[in-house]
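Structural features, examined
Each chain, written out:
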Amino acid sequence: MKPKSLDHVALWAADRRRLAAAAIELLGVRVIEETDRFTLLGGVDARRGKLTIFDAEGPRARGALERIGLRVSSLAGRESTVDLGEGLRIELVETETDSELDLDHVALRASDVEAVAAGWEDLGFSRIGDARLEVGGAYLDLVPGDPGAPELPLLNHLGVLVDSVEEHQAEAEELGVEIDDVVDAPNTIALFVWGPDRVRLEYIEHKPSFSLT
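Residues numbered from 1 in each chain as written. Predicted model: local features only at pLDDT ≥ 70, side-chain atom pairs only at ≥ 80, totals over all residues. Heavy atoms only, no water.

So, on to helix H3 (residues 165-175). Val165, His168 and Ala172 are the residues of H3 that are buried. Buried residues of H3, viewed axially, fall in a sector of 60°; they line one side. Across H3 from its buried face, at more than 90 degrees, point the exposed residues Glu166, Glu167 and Glu174. Turning to H3, the residues buried within the fold contact strand E13 (179-184), strand E14 (188-194) and strand E15 (200-206). One side-chain oxygen of the residue at the start of H3 lies 3.5 Å from the amide nitrogen of Glu166, identifying that residue as Ser164. Gly176 occupies a position one or two residues after H3 and carries a positive phi of about 80°. (Buried < 20%, exposed > 50% of the residue type's maximum accessible area, 1.4 Å probe, protein only. Helix = DSSP H or I, 4+ residues; strand = E, 2+ residues; numbered from the N terminus. Arc of directions from axis to C-beta. Contact = heavy atoms within 4.5 Å. Polar contact = N/O pair within 3.5 Å; in protein donor to acceptor, adjacent residues only side chain to side chain.)

Next up on the list: helix H1 (residues 16-27). For H1, spanning twelve residues, the distance from its first C-alpha to its last is 16 Å, which sits close to the expected 16 Å at 1.5 Å a residue. If you check which residues of H1 are buried, you get Arg16, Leu19, Ala20, Ala22, Ala23 and Leu27. Each buried residue of H1 sits inside an arc of 160° when the element is viewed along its axis, so together they form one side. Where H1 terminates, the next one or two residues include Gly28, which has phi positive at roughly 90°. (Expected span 1.5 Å × (residues − 1).)

Along the polypeptide, Arg89 turns up in strand E7 (residues 88-94). Through-space distance from the C-alpha of Arg89 to that of Leu191 is 27 Å; in sequence the pair is 102 residues apart. If we ignore the near neighbours within four places in the chain, the residues touching Arg89 are Arg62, Glu66, Arg67, Ile68, Thr81 and Val82. Engagement of the side chain of Arg89 in a polar contact is seen with the side chain of Glu66, the distance being 3.3 Å.

Here we come to the packing of aromatic side chains. In the structure shown here, the tally under the stated rule is three aromatic pairs. When the centroid spacing of 5.8 Å and the interplanar angle of 50° are considered together, the rings of Phe38 and Phe54 count as tilted. With Phe38 in strand E3 (residues 38-42) and Phe54 in strand E4 (residues 50-55), this pair connects stretches of sequence that are 16 residues apart. With a centroid separation of 5.1 Å and an interplanar angle of 70°, the aromatic rings of Trp120 and Phe125 are classed as edge-to-face. (Phe/Tyr/Trp six-rings, centres within 6.5 Å; stacked < 30°, edge-to-face > 60°.)

Treat this as a map of the structure, not an account of what it does.
Written out as structure tokens, the structure is:
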């Protein structure tokens, strides 16, 4: 398993358009793409870390998702923590960055930090601390806590970019990783697997036709 970057975090929302509007107003992200099913939000560089919001029945439960961190070069005039509603907390991380509002980290509640960290390592994340893993310069932070098993979770999935979904599917099958779905879309192909604490992970491959503006 060799993911190249943390491409996006996908969320379920009872009021997608309200949540997206709050993110635009309070964070400064922009709409990259909007359809009748989802809204894709991000910073200046559409190929960097993004938020995808899907319509869903509500209310949603936070479940495993503790917070999402976005990078900014300066916190001047900003709050470091922003509550967008529906349980979604965004932390703005002041750091050197060549892409404003890129994904910095995702923090997940972990039932057993050591076991969960080992599970994410099996899926291609690199362990860099007792409770921190890394993928393509972004981080997965594990917070001790009970993620529960809500019927209507806020977190849909984490998405990581890979060169070949076919190779990752073969390796997942060899490792005994539980595969949820394979989706062959016009511009991407995606492999969805179940990670630790039933957090869904998407390995996404861009086809030559893929384009974002």
